[in-house]
Protein chains: 2
Amino acid sequence: MKNLVAHDPWHVVQDGFDAENNRVFESLFSLGNGHFGGRGNHEETYSGDSLPGNYLAGIYYPDPTRVGWWKNGYPDYFAKVLNAPDWKTLSIRVNDVELDLATAEVAEYRRELNMREGTLERSFTATLSNGVEVHVESLRFVSLPNPELGAFRYRITCATDASVVITSAIQGDVVNEDSNHEFGFWDPVREAAQDNRTVVVSKTKKTEFVVAIGGSLTFAAEPEVEATTFTRSLYAASTYSLNVSAGQTIEMVKLGANVTSRTVDPSLVEDRCNQVLDAAETKGFLELLADHIGAWERNWETSDVQITGDPGAQQGIRFNIFGLNSTFTGDDPDLNIGPKGFTGEKYGGVTYWDTEAFCLPFYLATSAPEVSKNLLRYRHRQLGKAIENAEKLGFTDGAALYPMVTINGEECHNEWEITFEEIHRNGAIAFAIFNYIRYTGDSRYLVEGGLDVLVAISRFWAQRVSWSHKRACWVMLGVTGPNEYENNVNNNWYTSLMAQWTLRYTLASLAETDADSVPDVSPEELARWADVAERIYLPEDAERGIFLQQSEYLDKEMITVADLDSSDRPLNQKWSWDRILRSPFIKQADVLQGMWVFEDRFDLPTLQRNFDFYEPRTVHESSLSPSIHAVLAVRLGRLDKALEMMLRTARLDLDDYNNDTEDGCHTTSMAGSWIAVVLGFGGLKIVDGQLHLNPQLPPGWDGLAFQILHRSARLNVSATTEEITIENQSVTPATLFLAGGQLTIAGQEMVNVPL
Amino acid sequence: MKNLVAHDPWHVVQDGFDAENNRVFESLFSLGNGHFGGRGNHEETYSGDSLPGNYLAGIYYPDPTRVGWWKNGYPDYFAKVLNAPDWKTLSIRVNDVELDLATAEVAEYRRELNMREGTLERSFTATLSNGVEVHVESLRFVSLPNPELGAFRYRITCATDASVVITSAIQGDVVNEDSNHEFGFWDPVREAAQDNRTVVVSKTKKTEFVVAIGGSLTFAAEPEVEATTFTRSLYAASTYSLNVSAGQTIEMVKLGANVTSRTVDPSLVEDRCNQVLDAAETKGFLELLADHIGAWERNWETSDVQITGDPGAQQGIRFNIFGLNSTFTGDDPDLNIGPKGFTGEKYGGVTYWDTEAFCLPFYLATSAPEVSKNLLRYRHRQLGKAIENAEKLGFTDGAALYPMVTINGEECHNEWEITFEEIHRNGAIAFAIFNYIRYTGDSRYLVEGGLDVLVAISRFWAQRVSWSHKRACWVMLGVTGPNEYENNVNNNWYTSLMAQWTLRYTLASLAETDADSVPDVSPEELARWADVAERIYLPEDAERGIFLQQSEYLDKEMITVADLDSSDRPLNQKWSWDRILRSPFIKQADVLQGMWVFEDRFDLPTLQRNFDFYEPRTVHESSLSPSIHAVLAVRLGRLDKALEMMLRTARLDLDDYNNDTEDGCHTTSMAGSWIAVVLGFGGLKIVDGQLHLNPQLPPGWDGLAFQILHRSARLNVSATTEEITIENQSVTPATLFLAGGQLTIAGQEMVNVPL
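Residues numbered from 1 in each chain as written. Chains lettered and ligands numbered in written order. Predicted model: local features only at pLDDT ≥ 70, side-chain atom pairs only at ≥ 80, totals over all residues. Heavy atoms only, no water.

1. Looking at the overall build of chain A
What chain A contains, in helices and strands, is 19 helices and 31 strands. For a compact globule of 755 residues, the expected C-alpha radius of gyration is about 27 Å, and chain A comes in at 27 Å, within 12% of that figure. With respect to the principal axes defined by its C-alpha atoms, chain A has extents near 85 × 60 × 55 Å. When burial is assessed residue by residue, chain A has 65% of its 755 residues classed as buried. (Helix = DSSP H or I, 4+ residues; strand = E, 2+ residues; numbered from the N terminus. Rg over C-alpha atoms; globule rule 2.2 N^0.38 Å. Buried < 20%, exposed > 50% of the residue type's maximum accessible area, 1.4 Å probe, protein only.)

In structure tokens form, the structure reads like this:
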């Protein structure tokens with residue numbers, strides 16, 4: 001854990017140059033608009049340690065699988081989100097010396113992410129090796145309203161008269177650091193440079209995505225000289241030579257267009273690139289910026305969370321919401337939420353169960369239904385691949401197993417205990433359909449695709465169980481639950497519970513849907529599903545009154561995390577894998593994950609017994625763990641425990657808690673901290689289609705407010721230690737349950753409930 | 001399965017050239033002497049598909065580990081036995097055309113491995129592309145009495161007058177096909193060529209073994225011309241140009257010396273190489289050959305098995321005994337038995353549990369005690385590394401976990417479910433000490449090293465178990481038993497039984513050994529070991545009267561191999577790994593392996609119940625499986641079943657049963673077929689230090705005879721369907737039990753017992 005940024009409600013500020021933590025700051029200062037984005041790399045040349053990253057959503061390379069011992073069914077490749085040609089590239093030479101913060105003497109360095117406006121500002125004074133002092137101010141954004149546009153304004157002032165040579169380039173000779181095989185991923189197609197316009201068109205190897213990255217540099221005051229242009233393979237540049245007087249500021253704007261053949265015909269990417277640049281040039285930087293800030297304002301209107309009395313938590317939750325809204329905007333059902341968003345290249349493939357299990361609730365509550373629906377459509381469009389994936393593992397008759405990791409529907413992961421056995425992901429994908437419908441009321445989605453997915457997943461569960469004569473039950477052998485610190489166990493309670501629920505929900509959904517609109521399922525299949533749901537083994541321990549993580553969990557040594565020496569932690573770095581596996585220690589919520597998903601099924605004493613048993617055995621070595629525990633701790637009235645858990649997630653990246661923010665931010669776990677705050681302390685849940693709220697403030701917080709959308713209502717919920725205020729910002733009345741009591745708030749009205 | 005070689009009691013004959021199966025024949029025609037050896041590659045140039053292999057025992061390279069997802073505790077490398085510079089290399093150019101069977105027209109091709117004499121003969125007629133017809137006869141051996149010497153005689157006759165250019169070389173520019181990283185493993189040190197003598201000295205990368213490979217070519221009739229010599233990096237050659245008349249035979253002998261710095265100082269390898277060649281030249285080919293044949297004769301005197309009435313079985317068992325005696329001669333405690341011996345490079349590292357569990361019984365019964373003792377010493381010398389290996393996995397206080405795969409004591413394997421969890425290997429290594437002592441009576445070995453190993457392994461078991469409050473037992477969680485088709489299971493009966501036995505044997509051995517000579521073990525440790533042995537959980541099913549392979553085995557679907565479709569087989573090629581794991585199907589003997597190891601503990605009805613339960617669920621997809629089942633089937637009187645099982649192992653390589661003999665022969669499984677015959681049909685076992693025999697012939701066999709050594713006795717046991725004859729070939733009387741009845745046979749006497 002590091003103390004890199006000061007607490008500030010709307011800003012992330014880096015004060016002073018810090019080459020050592022450059023990669024961490026590059027991650028924190030990432031910008032994205034759901035379609036492309038990149039790390040906070042400097043615009044001008046930087047020869048110090050850096051991880052360059054400009055990522056285009058959905059543009060990947062199938063990196064051949066690396067494995068020691070092959071198992072049948074392993075995928076051939078791991079989809080790698082590619083570092084794409086960079087639109088930002090700038091070179092500034094002053095009296096023949098390159099402006100490069102790694103070699104200059106740097107003073108007054110300040111960098112600031114403005115989360116409210118979605119901008120990254122930077123200013124510094126650098127003394128070059130030739131003694132020339134230059135002052136730079138830049139402001140960058142990745143346009144939210146224009147999904148292909150990035151822009152920055154760059155001001156440079158020399159303290160003495162100087163000759164300045166400025167080169168604006170598209171740099172396409174880029175690599176991925178995290179790749180299984182050592183070669184570039186891009187083939188050149190065409191480079192163009194004319195006047196202030198530079199374009200590089202390139203193509204990904206194997207997948208053959210064609211991408212045009214274009215740049216346009218304009219000076220606020222037209223320079224005296226013409227651009228000199230230059231191209232080579234995967235590179236295009238315009239160069240300007242200027243003579244400036246001491247104190248004179250050169251101001252320039254660079255616009256960047258990022259166009260891919262995912263959205264336009266491959267032959268048209270260059271044209272489209274020029275159109276984007278033409279339109280942006282016409283509009284001008286300040287208007288583009290204003291549009292961008294306006295779009296972020298509208299985002300915050302429906303998704304902001306305000307915490308008073310705890311500036312660290314406030315900054316953390318806003319940083320997380322900012323990250324989520326930068327990563328996924330929900331206007332394209334072929335896109336999803338990568339584990340690092342646009343902040344890094346690690347974990348390549350895009351979609352994990354994180355999307356449904358952790359991210360969906362955020363988008364449901366803060367965006368129009370269409371946004372969440374596109375997450376569901378993503379899986380529906382990949383159903384064919386999920387069926388093929390199941391076939392590779394021996395399943396038949398349309399059973400589907402969604403991949404552990406994917407970008408195009410094909411499995412990318414290659415650890416048998418995860419790829420083949422962490423099948424609970426199928427349950428999360430089924431539950432997301434229910435979750436979407438109960439939140440939005442859009443039950444039409446069942447016939448639009450939901451039932452196809454539910455039926456295919458139910459077929460999988462019904463084939464995946466086997467009959468145990470000994471137990472006279474259906475058993476689920478050889479699985480890995482959410483707790484990845486147990487592998488290949490039998491009867492993981494969470495997995496079997498999700499299977500049982502899927503079967504029952506599918507049966508109920510089929511029963512209540514017009515027979516003409518439903519997939520063909522035989523009566524024998526329906527009967528089998530009902531029987532499996534009825535007689536599936538869900539291990540419990542009657543004596544302790546707890547559900548069992550798996551049927552032999554109680555064979556383990558009954559020690560707790562308190563029995564560990566601090567030198568043992570984190571287990572995943574200190575212990576060998578077998579030792580972790582046979583220990584009782586739990587990586588992340590497992591039984592408790594199930595009790596959260598189905599929280600209304602269990603009474604508080606049951607929750608309490610399970611929480612008291614499992615939480616002390618949980619090491620929370622997954623960033624997805626503390627959030628679920630925070631919600632459950634709130635339910636149990638343990639607000640200080642809940643706060644401890646919430647803080648563990650909220651500042652994970654800002655404080656580089658796991659020492660790995662240099663690789664990028666933990667995008668999907670950002671949703672966890674929103675869950676902890678809004679579903680936890682805010683008490684948001686949907687029961688029988690009804691919105692429930694129950695704000696409770698943890699110790700130290702003076703106030704908590706959050707914005708949500710629910711059906712036609714836009715609500716501003718605000719709690720202090722004395723009262724709860726709910727403002728209905730829509731015109732139609734909103735009915736909801738507050739701390740269990742029903743109330744209706746008229747349009748544009750506000751209610752106050754004293755505590 | 002292929003039908004490549006005709007049944008023949010003492011020979012393996014290839015009749016006709018077969019380029020397609022060249023690699024298979026190269027494996028079958030391998031020769032070795034325990035110190036070096038190689039595949040049946042042609043001496044002269046061969047440009048067709050081939051796997052060149054000249055292997056020097058103990059000379060390896062640490063090939064960096066390749067793995068997709070790293071786990072703490074994984075080794076950094078996999079020790080790769082290296083393909084070494086080749087001493088055999090010969091080039092024959094006739095009228096400027098290379099003799100190369102891949103490009104010539106080949107007739108009358110015949111190759112014959114003479115297993116009795118340990119020689120490989122070859123003859124063929126080849127018509128070269130220039131129309132010249134040449135006839136070749138060669139005879140090759142790898143000297144058993146001279147561990148550094150190989151030799152061949154090569155006769156070539158041209159049908160017409162011709163100019164013949166002969167080059168005898170040492171070819172050091174060799175690679176391994178099966179390597180994780182693509183670069184050569186040898187660095188050049190020095191090359192020398194003078195007259196008929198060529199030497200290449202080279203050094204392995206990283207491990208820095210220095211190796212000198214030398215060759216000496218002599219002609220039966222001195223040729224008219226001098227040798228022209230040539231060297232380049234890793235290559236040295238002598239070339240001779242001769243003019244021959246039609247029908248004239250050129251006869252030459254090439255001697256090869258293979259010297260390594262494992263046995264002489266690195267600076268002296270070249271000198272030693274020349275000494276070996278000098279001495280061999282002085283002795284001459286025929287005397288060297290006679291010495292070699294004599295050594296093989298002595299081998300057969302103590303290890304031969306004769307089966308009459310079943311020529312396929314006869315050939316198979318001899319081929320296996322030949323392979324075992326070619327691989328390990330037991331005069332160096334740093335050597336062991338590689339999975340492919342000197343017949344291929346696959347599975348690189350040398351030592352698996354196969355050595356103790358499968359190979360040791362063969363060497364015990366057919367060689368002097370020193371041979372087996374060196375297998376024990378090998379582990380004793382690596383005890384420090386085994387303790388370090390256990391420390392990497394969190395064990396303390398001198399606990400040892402021997403590696404799954406090793407060449408120098410360090411673990412090489414990198415699959416967590418095997419490397420960290422297939423810990424029963426520790427049991428086999430402990431049991432080997434007991435097995436050696438009960439066979440040889442050499443109980444002094446306990447203080448010479450046995451107890452050190454037993455104590456360290458007992459420490460491991462005592463730490464590896466954990467206490468289950470639920471069962472009120474010590475449990476062994478997260479293991480992989482001999483059946484590798486279950487991973488990470490709890491309470492594998494075989495593993496826990498081996499642990500229990502080790503603890504008890506160590507306690508007993510400590511108690512009966514003079515206190516001054518034993519390792520320091522505290523009373524608390526002794527008490528813990530006794531308690532663990534007493535209260536370890538050994539799962540059983542009372543209803544079925546069987547031991548349970550693991551505590552949840554009966555949760556599995558109770559189907560058998562008979563329920564499988566033939567398209568499902570072999571499972572390891574047809575099913576995904578998770579499907580195999582959750583199925584009831586068993587790769588190789590597991591519970592039954594334990595019942596074999598401790599066969600005198602269990603009555604026949606118990607064995608029968610377990611055999612009847614497990615064998616029908618066993619797919620025998622390990623070459624180590626059928627042998628154990630064969631022995632148990634004999635015990636149960638199911639001689640036809642036993643024969644079926646025995647034949648599955650005996651001709652595994654000769655018939656290329658698994659379609660993988662091209663990679664090399666299954667050396668360690670060869671011991672399994674000897675076990676099936678001698679321990680199975682021969683009924684050999686040791687009970688309370690007493691030799692027991694109980695020959696029983698399966699249907700179709702007219703006679704079975706085998707030679708064994710036991711203590712001071714050399715016995716020739718021979719059974720027909722009518723009588724059993726035992727001849728004591730030693731001078732001292734031998735006492736033994738025959739079919740349960742005790743008898744003593746005077747020296748040089750023979751007894752006949754009618755059936």
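2. Here's the deal with the domain arrangement of chain A
Each assigned domain of chain A is listed with its residue range as follows: domain 1 (11-300), domain 2 (304-706) and domain 3 (712-754). For domain 1 of chain A versus domain 3 of chain A, the distance between C-alpha centres works out to 45 Å. (Domains from an automatic or database assignment.)

3. With respect to the sheet that holds strand β10 (residues 133-142) of chain A
Residue and element names in this part refer to chain A. Ordered in space as β1-β8-β9-β10-β11-β18-β15-β14-β13, the nine strands form an open sheet in which the pairing is antiparallel. The strands lining the two open edges of the sheet, one partner per strand, are β1 (11-15) and β13 (186-194). Put simply, the sheet's adjacent strands are angled 10 degrees from each other on average, direction ignored. The pairing of strand β11 (residues 149-158) with strand β18 (residues 249-260) spans nine bridges and is classified as antiparallel. Directly across from Arg 153, in β18, lies its bridge partner Val 253. Of the strands in this sheet, β11, β13, β14 (197-204), β15 (210-219) and β18 are in contact with helix α2 (residues 269-283), which crosses β18 at around 145 degrees. (Pairing = 2+ DSSP bridges. Axes fitted to C-alpha atoms, helices over the stretch in contact; angles between N-to-C directions. Contact = heavy atoms within 4.5 Å.)

4. Some remarks on the interface of chain B and chain A
As a measure of interface size, the accessible area lost when the parts come together is often cited. At the interface, 47 residues of chain B touch 47 residues of chain A. A per-residue breakdown of the area chain B buries against chain A is headed by Trp 69, Asp 555 and Arg 582 of chain B, which together make up 18% of the total. The interface formed by chain B and chain A contains eight salt bridges. Between Asp 555 of chain A and Arg 471 of chain B there is a salt bridge, and its shortest N-O distance comes to 2.8 Å. Counting across the interface, chain B meets chain A through 24 residue pairs in polar contact (both at pLDDT 80 or more). For the side of chain B that touches chain A, the elements supplying multiple residues, two or more each, are α8 (416-419), β20 (466-468), α13 (571-574) and α14 (577-582) of chain B. The class makeup of the residues in the side of chain B that touches chain A is 15 nonpolar, 15 polar and 17 charged. (Buried area = accessible area lost by both parts, 1.4 Å probe. Salt bridge = Lys/Arg side-chain N within 4 Å of Asp/Glu carboxyl O. Polar contact = N/O pair within 3.5 Å; in protein donor to acceptor, adjacent residues only side chain to side chain. Nonpolar A, V, L, I, M, F, W, Y, C, P; charged D, E, K, R; others polar.)

5. Some words on helix α17 (residues 625-635) of chain B
Residue and element names in this part refer to chain B. Where burial is concerned, most of α17 is hidden: 11 out of the 11 residues are buried. Within α17, burial applies to Ser 625, Pro 626, Ser 627, Ile 628, His 629, Ala 630, Val 631, Leu 632, Ala 633, Val 634 and Arg 635. Where α17 is buried, its residues contact α5 (354-366), α15 (591-597), α16 (604-614), α18 (639-650) and α19 (667-681).

6. Side note on the environment of Glu 727 of chain B
All names here are of chain B. Relative to the helices and strands, Glu 727 is located in strand β28 (residues 723-728). By relative accessible area, which is 26% here, Glu 727 ends up partly exposed. In contact with Glu 727, other than residues within four places in its own chain, are Arg 714, Leu 715, Asn 716, Glu 749 and Met 750.

7. Quick look at the packing of aromatic side chains
Residues and elements named next belong to chain A. Enumeration over the complete set of coordinates arrives at 83 aromatic pairs over all chains. For the pair Trp 493 and Phe 547, a centre-to-centre distance of 4.4 Å together with 15 degrees between the ring planes defines the contact as stacked. Of this pair, Trp 493 sits in helix α11 (residues 493-511) while Phe 547 sits in strand β23 (residues 546-547), placing them 54 residues apart in sequence. Given a relative accessible area of 11%, Phe 547 falls into the buried group. Counting every residue linked through ring pairs, the aromatic cluster contains Phe 431, Phe 434, Trp 501, Tyr 505 and Phe 598. (Phe/Tyr/Trp six-rings, centres within 6.5 Å; stacked < 30°, edge-to-face > 60°.)

8. Examining the state of the cysteines
Residues and elements named next belong to chain B. According to the stated counting rule, one finds zero disulfides over all chains in the structure shown. The thiol sulfur of Cys 359 is not disulfide-bonded, and the nearest other cysteine sulfur, from Cys 665, lies at 14 Å. Here Cys 359 falls in the buried class, since its relative accessible area comes to 0%. Looking at the unpaired Cys 412, the closest cysteine sulfur is the one in Cys 359, lying at 18 Å. (Disulfide = S-S within 2.5 Å.)

9. Things to note about the side chain of Gln 549 of chain A
Residue and element names in this part refer to chain A. Mapped onto the elements, Gln 549 comes out in the loop between β23 and α13 (571-574). Given the relative accessible area of 0%, Gln 549 is considered buried. For Gln 549, the side chain forms a polar contact with the side chain of Glu 486, separated by 2.9 Å. Filtering out sequence-adjacent residues up to four positions away, Gln 549 remains in contact with Asn 483, Glu 486, Asn 491, Asn 492, Trp 493, Ile 586, Asp 590, Val 591 and Tyr 614.

10. Details of the relation of the copies chain B and chain A
Aligned on chain A, chain B shows an RMSD of 0.0 Å; the corresponding rotation is 180 degrees and the shift along the axis is 0.0 Å. Taken together, the turn and the small shift mark the pair as related by a two-fold rotation axis. Residue Val 67 of chain B of chain B places its C-alpha closer to the rotation axis than any other residue of that unit, at 2.3 Å. When you check the interface residues of chain B against chain A, 100% turn up at the interface there too, and the contact is symmetric in its surfaces. (Least-squares fit on C-alpha atoms with pLDDT ≥ 70 in both.)

11. Remarks on helix α2 (residues 269-283) of chain B
Residue and element names in this part refer to chain B. Compared with an ideal rise of 1.5 Å per residue, which puts 15 residues at 21 Å, α2 spans 21 Å between its outermost C-alpha atoms and is within 8% of the ideal. Buried within α2 are the following residues: Val 269, Glu 270, Cys 273, Val 276, Leu 277 and Ala 280. Viewed along the axis of α2, the buried residues span an arc of 120 degrees, placing them on a single side of the element. Tucked into the core, α2 has its buried residues touching β11 (149-158), β13 (186-194), β14 (197-204), β15 (210-219), β18 (249-260) and α3 (285-303). Looking one or two residues past α2, Gly 284 carries a phi angle of roughly 90 degrees, positive in sign. (Expected span 1.5 Å × (residues − 1). Arc of directions from axis to C-beta.)

12. Quick notes on the pairing of strand β9 (residues 119-127) of chain B
Looking along a regular strand, one sees the side chains alternate between the two faces of the sheet. Residues and elements named next belong to chain B. The element β9 is largely enclosed, with a buried count of seven among its nine residues. As paired elements, strand β8 (residues 105-114) and β9 share eight bridges and run antiparallel to each other. Across the sheet, residue Leu 113 finds its bridge partner in β9, namely Leu 120. The antiparallel hairpin formed by β8 and β9 contains four residues in its connecting segment, where Gly 118 sits at a positive phi of about 70 degrees. Bridge count between β9 and strand β10 (residues 133-142): eight bridges; the pairing is antiparallel.

13. A look at the sheet that holds strand β5 (residues 77-83) of chain B
Backbone-to-backbone hydrogen bonds pair the strands of a sheet. The strands run either parallel or antiparallel. Residue and element names in this part refer to chain B. Pairing is antiparallel in the open sheet, where four strands are placed in the order β2-β3-β4-β5. Taken across any chain shown, the strands that pair with only one partner, and hence form the sheet edges, are β2 (31-32) and β5. In terms of strand pairing, strand β4 (residues 54-64) meets β5 through six bridges, oriented antiparallel. Considered in β5, the bridge of Pro 64 is made with Tyr 77.

14. Things to note about the nonpolar core
Of all hydrophobic cores here, the largest spans 459 residues; its most connected members are Trp 674 of chain A together with Trp 674 of chain B. Contacts of Trp 674 of chain B, omitting those with residues within four sequence positions, involve Val 305, Ile 317, Ile 321, Pro 361, Phe 362, Ala 365, Thr 366, Leu 679 and Leu 684 of chain B. (Core = buried A, V, L, I, M, F, W, Y, C linked by side-chain atoms within 4.5 Å.)

15. Looking at the pattern of salt bridges
Residue and element names in this part refer to chain B. Inspection of every chain in the model, using the stated rule, returns 96 salt bridges over all chains. For the salt bridge of Glu 43 with Arg 140, the shortest nitrogen-to-oxygen distance reads 2.8 Å. Separated by 97 residues along the polypeptide, Glu 43 in the loop between β3 (36-38) and β4 and Arg 140 in strand β10 bring together distant segments of the chain. In this structure, Glu 43 and Arg 140 share a single accessibility class: buried. A salt bridge links Arg 504 to Glu 534; the shortest N-O distance between them is 3.9 Å. Of this pair, Arg 504 sits in helix α11 (residues 493-511) while Glu 534 sits in helix α12 (residues 523-535), placing them 30 residues apart in sequence.

16. Structural notes on the environment of Ser 50 of chain B
Residues and elements named next belong to chain B. Position of Ser 50 among the secondary structure elements: in the loop between β3 and β4. Sequence separation between Ser 50 and Gln 248 is 198 residues; the distance between their C-alpha atoms is 31 Å. Excluding residues that lie within four positions of it along the chain, Ser 50 makes contacts with Asn 22, Arg 23, Glu 26, Asn 41 and Glu 177. Within polar-contact distance, the side chain of Ser 50 engages the side chain of Glu 26 at 2.6 Å.

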